[in-house]
Amino acid sequence: MKKLLCALGATMTLTTAMAWPDKTVTIVVPFPPGGSTDMIARTLQPKLQEKFGGTFVIDNKPGATGTIGATLVTRAAPDGHTLFVSSLGPYVIAPHLTKVTYDATKDFDYITVAVQAPNVLVVPAASPHKSMADVIAYQKANPGKMTFASSGNGSSDHLTAELYWQQTGTSGVHVPYKGGGPVMTDLLGNQVDSSFMNINTAMPQIRAGKLRALSITSAQRSSLLPDVPTLDELGIKDANVYSWQAVAAPKGIPADLKTKLQAAIKDALNDPAIKPKLLEVGFEIVANTPEEFTKFQAAEFARWKKLIESRNIKAD
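Small disclaimer: the values here were computed from a predicted structure and weren't measured. (Residues numbered from 1 in each chain as written. Predicted model: local features only at pLDDT ≥ 70, side-chain atom pairs only at ≥ 80, totals over all residues. Heavy atoms only, no water.)

Chemist: Just give me the short version of the packing of helix α5 (residues 132-141) against helix α6 (residues 156-168), but keep the residues and values in it.
Modeler: At a minimum axis distance of 12 Å, the contact between α5 and α6 shows a crossing angle of 70°. By the angle class used here, α5 and α6 are roughly perpendicular. Each of M132, V135, I136, Q139 and K140 in α5 lies in contact with α6, whose residues at this interface are Y164, W165 and T168. (Axes fitted to C-alpha atoms, helices over the stretch in contact; angles between N-to-C directions. Helix = DSSP H or I, 4+ residues; strand = E, 2+ residues; numbered from the N terminus. Parallel < 35°, antiparallel > 145°, perpendicular 65-115°, else oblique. Contact = heavy atoms within 4.5 Å.)

Structure follows, in structure tokens:
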């Protein structure tokens, strides 16, 4: 009887996997339309629909730094008909800054990190600072004076600044905004001194000569900015930071479905019609396996928890 039940269970799982999707697949994006995460979701949506058939729809659920959408996903049925495309915030940062109703280490099945992009320290073109050496020297001579704008408390650009200050023994003034748009406006208007911006946000203004890039947080120099040194090159260790967009699902989806989704996402991102466009704006394709993403999430979760606690960072 036990063998029979096991065989029936295996058959039911196989049948379910073979039937998927048998209804609309909802891709929850926890931010408004138009941002980087939404762009990645809308890049993947038609490719997944083409690969698997059925209907895939984007559902933007913004609010509470992405945790409203994350909560909805963790409460959905783990049948593969709800997917989550989000930046790192809800996965590894927000749980340390605010009370959330999900456990980021237990309530998701992690499918793949789709893309990542480093941050770039930029200053206005009119800034007197021409290099990182200038910035560090100025900060050491004028502690707590240079302003660093970010898109909000606990954002990737804010945490990068905190990590940089910690690693260099310097200090600056954090100026949080509500999103990247106001940061760019005030940088271009010389109202703030600098920002660790996502490369894909900063590149148009760097190319236009309106912003100057002084350093980058990637492990190696970017092909988009070959003359800009990494923080590591400058002797600032353990400061590699990437903003990343990743795909997850409610905990408990079939293992074979995770594998199929990861493979399909990898193929989509490497499509000759898509890959060059992503690289051109600064995204690096990752498309790692569910196992690799699970380990990466755990490491990032611990890393940012340690920094947030040691720097006493609070939510807005």
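Chemist: Account for empty space enclosed by the protein, naming residues and giving values.
Modeler: In total, this model carries one cavity of 30 Å³ or more according to the counting rule given. Estimated volume of the largest cavity: approximately 30 Å³. In terms of lining residues, the largest cavity is bounded by I27, L44, L48, L83, V85 and V247. Within the lining of the largest cavity, the residues separate by chemical class into six nonpolar, no polar and no charged. (1 Å grid on protein atoms, 1.4 Å probe; cavity = no way out; pocket = protein on both sides within 12 Å on 5 of 7 lines; lining within 4 Å. Points joined across faces, edges and corners; volume = space filled by probe spheres on them. Nonpolar A, V, L, I, M, F, W, Y, C, P; charged D, E, K, R; others polar.)

Chemist: Please set out the side chain of Q116 residue by residue, giving values where relevant.
Modeler: Among the secondary structure elements, Q116 is positioned in strand β4 (residues 108-124). Not counting residues up to four positions away in its chain, the partners in contact with Q116 are Y242, S243, W244, G282, F283, E284 and V286.

Chemist: Just give me the short version of the environment of V92, but keep the residues and values in it.
Modeler: Within the secondary structure layout, V92 lies in helix α4 (residues 88-97). According to the relative accessible area criterion, V92 is buried, its value standing at 0%. A C-alpha to C-alpha distance of 6.2 Å links V92 and E300, two positions 208 residues apart in sequence. For V92, the contacting residues outside a window of four places in its chain are W244, Q297, E300, F301 and W304. (Buried < 20%, exposed > 50% of the residue type's maximum accessible area, 1.4 Å probe, protein only.)

Chemist: I'd like a rundown of the packing of aromatic side chains, residues and numbers included.
Modeler: What the rule picks out here adds up to 17 aromatic pairs. Where F84 meets Y91, the ring centres are 5.6 Å apart and the plane angle is 80°; that geometry is what we call edge-to-face. The residues F84 and Y91 share a single accessibility class, namely buried. With centroids separated by 6.3 Å and ring planes inclined at 15°, the aromatic side chains of F148 and F196 adopt a geometry described as stacked. Remark: F196 occurs in strand β7 (residues 194-198) and F148 occurs in strand β5 (residues 147-150); sequence separation between them is 48 residues. For the pair F148 and F196, a shared accessibility class is recorded, and that class is buried. Three or more aromatic residues joined by ring pairs make a cluster, and in this case those are F84, Y91, Y102, F108, Y110, W244, F293 and F296. (Phe/Tyr/Trp six-rings, centres within 6.5 Å; stacked < 30°, edge-to-face > 60°.)

Chemist: With reference to specific residues and values, describe the nonpolar core.
Modeler: For soluble globular proteins, the rule of thumb is that nonpolar side chains tend to be buried together. Ranked by size, the top nonpolar core spans 48 residues in total, and within it V122 and I206 carry the most contacts. Among residues more than four places away in sequence, those in contact with V122 are L187, D193, S194, S195, M197, A202, I206, L211, R212 and A213. Membership of the second largest hydrophobic core comes to 41 residues, among which are L121, M146, I236 and A248. (Core = buried A, V, L, I, M, F, W, Y, C linked by side-chain atoms within 4.5 Å.)

Chemist: So what's going on with the side chain of D271? Residues and values would help.
Modeler: Structurally, D271 is set in the loop between α9 (255-269) and α10 (275-280). Judged by relative accessible area, D271 falls into the buried class, the value being 18%. A distance of 2.8 Å separates a polar atom in the side chain of D271 from a polar atom in the side chain of K47. A distance of 2.7 Å separates the side chain of D271 from the backbone nitrogen of A273, its partner in a polar contact. With sequence-adjacent residues up to four places away left out, D271 is seen in contact with K47 and P276. (Polar contact = N/O pair within 3.5 Å; in protein donor to acceptor, adjacent residues only side chain to side chain.)

Chemist: Give me the packing of helix α2 (residues 36-52) against α9: which residues, what numbers.
Modeler: Two elements in contact, α2 and α9, have axes whose closest approach is 10 Å; the angle formed by their N-to-C orientations is 120°. In this view, α2 runs oblique relative to α9, as classed from their interaxial angle. α2 and α9 meet at a crossing whose hand is right-handed. Across from L44, K47, L48, K51 and F52 in α2, the residues of α9 making contact are K260, L261, A264, I265, A268 and L269. (Left-handed = near helix turned anticlockwise from the far one by under 90°.)

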